[in-house]
Amino acid sequence: MNTLGVIKCKAAVLWEANKPFSIEEVEVAPPKAHEVRIKIMATGICRSDDHVVTGGLVMPFPIILGHEAAGVVESVGQGVTSVKPGDKVIPLFAPQCGECSNCLSTKGNLCNKNDIGSAVGLMPDGTSRFTCKGKPIHHFVGTSTFTEYTVVDESAVAKIDSAAPLEKVCLIGCGFSTGYGAAVQTAKVEPGSTCAIFGLGGVGLSVVMGCKAAGASRIIAVDINSDKFAKAKELGATDCINPKDFKKPVHEVLIEMTGQGVDYSFEAIGRTETMVSALACCQYNYGVSVIVGVPPAAQKITFDPMLLFTGRNWKGSVFGGWKGKDSVPKLVADYMKKKFVLDPLITHTLPFTKINEGFDLLRAGKRST
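If you check an unreviewed UniProt entry, the chain appears there as alcohol dehydrogenase from Athene cunicularia. Looking at the Subcellular location (unreviewed entry) heading of the UniProt record, one finds this comment for the chain: "Cytoplasm". Per UniProt, the chain has the following entry under Catalytic activity (unreviewed entry): "a primary alcohol + NAD(+) = an aldehyde + NADH + H(+)".

Put into structure tokens, the structure is as follows:
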């Protein structure tokens, strides 16, 4: 264990909604028992972070966002056994305590220690490890990676291969794992099947990769930004369609293209209208539709129940259905064995102080890391 003192470092603090991030000096307290302090080496920008900025995902302010990252353990609190200082790690916004009903079930992966639904914005003991200008700053989904140092619960950190390039594998902390897992883990896409993916950001492109890896014969990519089609095809999409090019609803176009609808559909945007379209475009009796995008706060879905009555399956997927501590090290190992690529998902690399520019790129449809 290191000598555990307070660390002063830079962090991007969001003081209130719909404002730019402010680069501030923050104090990061030492880890308490069963906690880990991490030096963040690389972090991705994800649409879920932006949902907090815009108010689509309601969280307490002020807050340090970020949940897709990789780093090195700086120090550990009492009782920590799974990592030690110097280990390369990925923080887990979907933790794995190994003891709750979801962790013990083969069917679930959303550990009871998660802070996704409750949005308390604090460590499990109800306190914060961040202070700025004398005020406590909230944590984000147990990770808070838009900072040079962060503190996480031991259940929310996975040790990875010491040779892994952190600026690439940080994507396994959310975007890649979420999309790829939605296909191979949640939907369990079968060889020879047909798939439709709504939204071609980093998560949607990772769904395309998962469908291809699972052996789907037809992968139809759907986005209103046709600039994204070349990359989707490079990663395995067989067809690309822009809903703006048609006078009829896109689910009708997909049904016409496939005869009875697709076997599997995925919504990787986080819009209620596209969630219903994705459900409607899948095969009426045994089609499976997966909600991958974070649903907007305070919005409800209205749909014809006949869509489900005939046998369709509607599923949700958090973090691709993976149990983080078990699966993240294996996904990193698979990346190191070149079983999948991550480079095409990285469009820009910026210094931390340009985080606001990174969000501008994200909003313009140009993902950044």
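Attention now moves to the sheet that holds strand β9 (residues 149–153). Read from one edge of the open sheet, five strands run β9-β3-β5-β6-β10, paired in antiparallel fashion. Strands at the two margins of the open sheet, each flanked by one partner only, are β9 and β10 (157–159). Across the sheet, the mean angle from the axis of one strand to that of its neighbour is 45 degrees, orientation sign disregarded. Pairing between strand β5 (residues 68–76) and strand β6 (residues 88–91): two bridges, direction antiparallel. Along β6, the bridge assignment pairs Val72 with Lys88.

Attention shifts here to the nonpolar core. Within the largest apolar cluster, 86 residues are counted, with the highest numbers of intra-cluster contacts made by Val169, Ile172, Phe176, Val189, Cys211 and Phe266. If near-sequence neighbours (up to four positions away) are discounted, Phe266 is found in contact with Ala182, Ala183, Ala187, Val189, Cys195, Ala196, Ile197, Phe198, Val207, Cys211, Val290 and Val292.

Take the domain arrangement of the chain next. Looking at the chain, the domain boundaries give domain 1 (7–175 + 321–364) and domain 2 (187–316). Each of domain 1 and domain 2 has a C-alpha centre, and these two points are 28 Å apart. Counting residues at the interface gives 12 residues for domain 1 and 13 residues for domain 2. Summed over both sides, the interface between domain 1 and domain 2 buries roughly 890 Å², with carbon and sulfur atoms accounting for 65% of that surface. By the criterion of area lost to domain 2, the three top residues of domain 1 are Gly175, Pro344 and Leu345, representing 47% of everything that side buries.

Turning our eyes to something else, we now look at helix α11 (residues 355–363). Side chains three or four residues apart in an α-helix point the same way, a direct result of the helix having 3.6 residues per turn. If you check which residues of α11 are buried, you get Ile355, Gly358, Phe359, Leu361 and Leu362. All buried residues of α11 project into a common sector of 155 degrees when viewed along the axis, lining one side. Each element contacted by the buried residues of α11 is listed here: β1 (7–14), β2 (22–28) and α1 (47–54). Gly365 lies just past α11 and shows a positive phi near 85 degrees.

All right, on to the environment of Pro351 then. Along the chain, the position of Pro351 falls in the loop between α10 (324–336) and α11. For Pro351, a relative accessible area of 47% corresponds to the partly exposed category. For the pair Pro351 and Met123, spaced 228 residues apart in sequence, the C-alpha separation works out to 28 Å.

The next thing to look at is the sheet that holds strand β8 (residues 135–137). Pairing within the open sheet is antiparallel, and its five strands lie in the order β4-β1-β2-β7-β8. The sheet terminates laterally at β4 (63–64) and β8, the two strands that pair on one side only. Examined bridge by bridge, β1 and β4 share two bridges and lie antiparallel to one another. Along β4, the bridge assignment pairs Val13 with Ile64.

The rules behind the values
Residues numbered from 1 in each chain as written. Predicted model: local features only at pLDDT ≥ 70, side-chain atom pairs only at ≥ 80, totals over all residues. Heavy atoms only, no water. UniProt positions renumbered as here; feature names shortened; annotations may be inferred. Pairing = 2+ DSSP bridges. Helix = DSSP H or I, 4+ residues; strand = E, 2+ residues; numbered from the N terminus. Axes fitted to C-alpha atoms, helices over the stretch in contact; angles between N-to-C directions. Core = buried A, V, L, I, M, F, W, Y, C linked by side-chain atoms within 4.5 Å. Buried < 20%, exposed > 50% of the residue type's maximum accessible area, 1.4 Å probe, protein only. Contact = heavy atoms within 4.5 Å. Domains from an automatic or database assignment. Buried area = accessible area lost by both parts, 1.4 Å probe. Arc of directions from axis to C-beta.

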